[in-house]
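Report on the structure
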Amino acid sequence: MGKVYVLDHPLIQHKLALIRDKNTGSKDFRDLVEEVAMLMAYEVTRDFPLQEVAIETPVATATTKMIAGRKVGLVPILRAGLGMVDGMLRLIPAAKVGHVGLYRDPETLQPVEYYCKLPPDVEERDLIVIDPMLATGGSASAAITFLKERSARSIKLMCLIAAPEGIKAVEEAHPDVDIFVAAVDKQLNDHGYIVPGLGDAGDRLFGTK
Ligand code: PRP
Ligand code: URA
């Protein structure tokens with residue numbers, strides 16, 4: 001079974017509180033989502049292996065450590081996952097970005113795919129699927145399934161807020177995937193929204209609705 005990591009660093013928790021606040025407008029919401037994504041990237045990459053490298057400082061040779069030839073792929077789920085991409089690229093600038101377009105049918109809550117464009121060497125990359133919200137888990141599970149159908153071999157999932165139902169769904173569908181979240185909220189409401197959550201992540205990011 002994959003592990004679930006709740007990233008409880010004070011900076012992440014403080015910024016998440018501001019993100020949840022209904023009085024936070026789109027510009028601040030976007031900036032904060034980007035900042036939290038950057039802070040979370042720090043933890044999500046914690047298991048990257050290092051290799052020893054000799055570096056010439058102005059004084060002497062230093063035996064140092066650098067990340068060992070890791071190829072990373074970020075896979076935001078459109079639309080709301082886009083809000084987390086730039087923050088992660090700040091820390092992992094060499095990552096390639098693939099996009100999976102999914103929306104939740106408001107009646108059935110089932111994910112509907114409308115776009116998929118991935119780096120060609122997806123099987124050689126450590127993929128991080130990103131989406132602010134893990135609600136029923138339908139969208140994240142479907143995105144991970146697409147990646148596996150395209151031969152992906154290493155996948156993590158990173159979300160800001162999860163519902164227990166979403167975590168359970170991803171764990172059942174993809175027991176090999178570790179999940180990184182900033183918070184696990186209480187439950188879903190009758191419309192599939194996370195309670196207390198932050199509302200509609202896509203609408204708040206892009207000022208729609
Ligand atoms: C939101 C969110 C997730 C999904 C989560 O996207 O960004 O992708 O819902 O819900 P689930 O876990 O129940 O599948 P939405 O479908 O609203 O699309 P949008 O990002 O384009 O607004
Ligand atoms: N999608 C969102 O944007 N918010 C939720 O609470 C659930 C799904």
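Overview of the structure. (Residues numbered from 1 in each chain as written. Chains lettered and ligands numbered in written order. Predicted model: local features only at pLDDT ≥ 70, side-chain atom pairs only at ≥ 80, totals over all residues. Heavy atoms only, no water.)

**A short note on the packing of helix H1 (residues 10-20) against helix H2 (residues 26-44)**
Viewed as axis vectors pointing N to C, H1 and H2 meet at an angle of 155°, and their least axial separation amounts to 9 Å. What the angle tells us is that H1 and H2 run roughly antiparallel. As for the relative orientation of H1 and H2, their crossing is left-handed in sense. Between H1 and H2, the contacting residues are Leu11, Ile12, Lys15, Leu16, Leu18 and Ile19 on the first element and Phe29, Leu32, Val33, Glu35, Val36, Leu39 and Met40 on the second. A breakdown of the residues in the contact of H1 with H2 according to their chemical character gives 11 nonpolar, no polar and two charged. (Axes fitted to C-alpha atoms, helices over the stretch in contact; angles between N-to-C directions. Helix = DSSP H or I, 4+ residues; strand = E, 2+ residues; numbered from the N terminus. Parallel < 35°, antiparallel > 145°, perpendicular 65-115°, else oblique. Left-handed = near helix turned anticlockwise from the far one by under 90°. Contact = heavy atoms within 4.5 Å. Nonpolar A, V, L, I, M, F, W, Y, C, P; charged D, E, K, R; others polar.)

**What about the nonpolar core?**
Counting residues in each nonpolar core, the largest one holds 37 residues, and the members touching the most others are Ile19, Met40, Met88, Ile128, Met158 and Leu160. If you list the elements that add at least two residues to this core, you get H1, H2, strand E4 (72-78), helix H3 (85-91), strand E8 (126-130), strand E10 (154-162), strand E11 (178-184) and helix H6 (201-206). No other element matches the eight residues that H2 contributes to this core. If we skip the residues at most four places from it in the chain, Met88 touches Ala37, Met38, Ala41, Leu74, Ile128, Ile130 and Met158. Counting residues in hydrophobic clusters, the runner-up holds 25 residues, among them Val75, Leu134, Ile155 and Ile167. (Core = buried A, V, L, I, M, F, W, Y, C linked by side-chain atoms within 4.5 Å. Buried < 20%, exposed > 50% of the residue type's maximum accessible area, 1.4 Å probe, protein only.)

**Here's the deal with the site of ligand 1**
The environment of ligand 1 is made up of 15 residues, and the closest members are Arg104, Asp131, Thr136, Gly137 and Ser139. The separation between an oxygen atom of ligand 1 and a polar side-chain atom of Arg104 is 2.7 Å. One of the backbone N or O atoms of Gly137 is found 2.8 Å from an oxygen atom in ligand 1. The fraction of the free accessible surface of ligand 1 (500 Å²) that becomes covered by protein chains is 89%. Mapped by element, the contributors of at least two residues to the shell around ligand 1 are E4, strand E6 (99-104), strand E9 (133-134) and helix H4 (138-149). For the shell around ligand 1, a count of residues per class yields seven nonpolar, five polar and three charged. (Near = heavy atom within 4 Å. Polar contact = N/O pair within 3.5 Å; in protein donor to acceptor, adjacent residues only side chain to side chain. Areas by Shrake-Rupley, 256 points an atom, 1.4 Å probe, with all protein chains shown as cover.)

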